[in-house]
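# Working through the structure, step by step
Here is how the chains run, residue by residue.
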Amino acid sequence: MATLQSHAFTSPLSHCCKQSPPLSGLSSWAVHRSAHSSFNGESLNVARSQWAVLKQSSSTSGLITMMVKPTIQFIQGTDEQTIPDVKLTKSRDGTNGMAIFRFEQPSVFDSSGEVGDITGFYMIDEEGVLQSVDVNAKFINGKPAGIEAKYIMRTPREWDRFMRFMERYSNANGLQFVKN
């Protein structure tokens, strides 16, 4: 079994940009809200002379995808601020495994009344979304105290994808891998 432990917290800014139709000598790049992100961006106007430099250096067809901050959500659109303890298990033949996330006093309890109910466990990064509905809340004296979420990987490909997410999430949140 392996464990990831929190040692520090950093938060890189990330977002996705998309070009809007040009306005009289200016090109407008709008940062759009992703369906899986709580980031709300603002439009950026670039003078036509600067746009030419950007256009020459870009080999894409108008869409620039930038890194997305790896995040965990229980309510879509609301990032969980509490860093979990994570335990990993993997079968001896390496074909499947499970990750158990334990959150003590998660921030979702503070905001769930305002933004909605917990709908699942969502791990979001630039590759997309990994999700599970295996989420259990822990109550002490009738008050929410923690959440345990399980993510099951049934194939080596799912394991590899999960490990890529965890590497990004660990780097962004100061987690360290400790093998037991």
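In this report, the structure presented in the accompanying data block is examined. What you see is a predicted model; the values in this text were computed from it and never measured.

Here is what the cut-offs are and how they apply
- Residues numbered from 1 in each chain as written.
- Predicted model: local features only at pLDDT ≥ 70, side-chain atom pairs only at ≥ 80, totals over all residues.
- Heavy atoms only, no water.
- Salt bridge = Lys/Arg side-chain N within 4 Å of Asp/Glu carboxyl O.
- Helix = DSSP H or I, 4+ residues; strand = E, 2+ residues; numbered from the N terminus.
- Buried < 20%, exposed > 50% of the residue type's maximum accessible area, 1.4 Å probe, protein only.
- Phe/Tyr/Trp six-rings, centres within 6.5 Å; stacked < 30°, edge-to-face > 60°.

### Here's the deal with the pattern of salt bridges
Evaluation of the coordinates by the stated rule reveals 7 salt bridges. A salt bridge links Arg 161 to Asp 125, with the shortest nitrogen-to-oxygen separation between them at 2.7 Å. Of the two residues, Arg 161 is situated in helix α3 (residues 156-173) and Asp 125 in strand β10 (residues 121-125); the sequence distance between them amounts to 36 residues. This pair shows no difference in class: Arg 161 is buried, exactly as Asp 125 is. By relative accessible area, which is 4% here, Asp 125 ends up buried. One connected set of salt bridges, linked through shared partners, spans Asp 125, Glu 126, Glu 127, Arg 161, Arg 164 and Arg 168.

### A look at the environment of Lys 90
Along the polypeptide, Lys 90 turns up in strand β8 (residues 85-90). Remark: the alpha-carbon pair of Lys 90 and Met 153, spanning 63 residues in sequence, is separated by 8.9 Å.

### Description of the packing of aromatic side chains
Within this structure, the stated rule accounts for 7 aromatic pairs. Judged by centre distance (5.7 Å) and plane angle (25°), the ring pair of Tyr 151 and Phe 162 falls under stacked. Residue Tyr 151 is located in strand β13 (residues 143-153), and its partner Phe 162 is located in helix α3; the two are separated by 11 residues in the primary sequence. Exposure class is identical for Tyr 151 and Phe 162. Each is buried. Joined through ring pairs, the aromatic side chains of Phe 74, Phe 101, Phe 103, Phe 121, Tyr 151 and Phe 162 make up one cluster.

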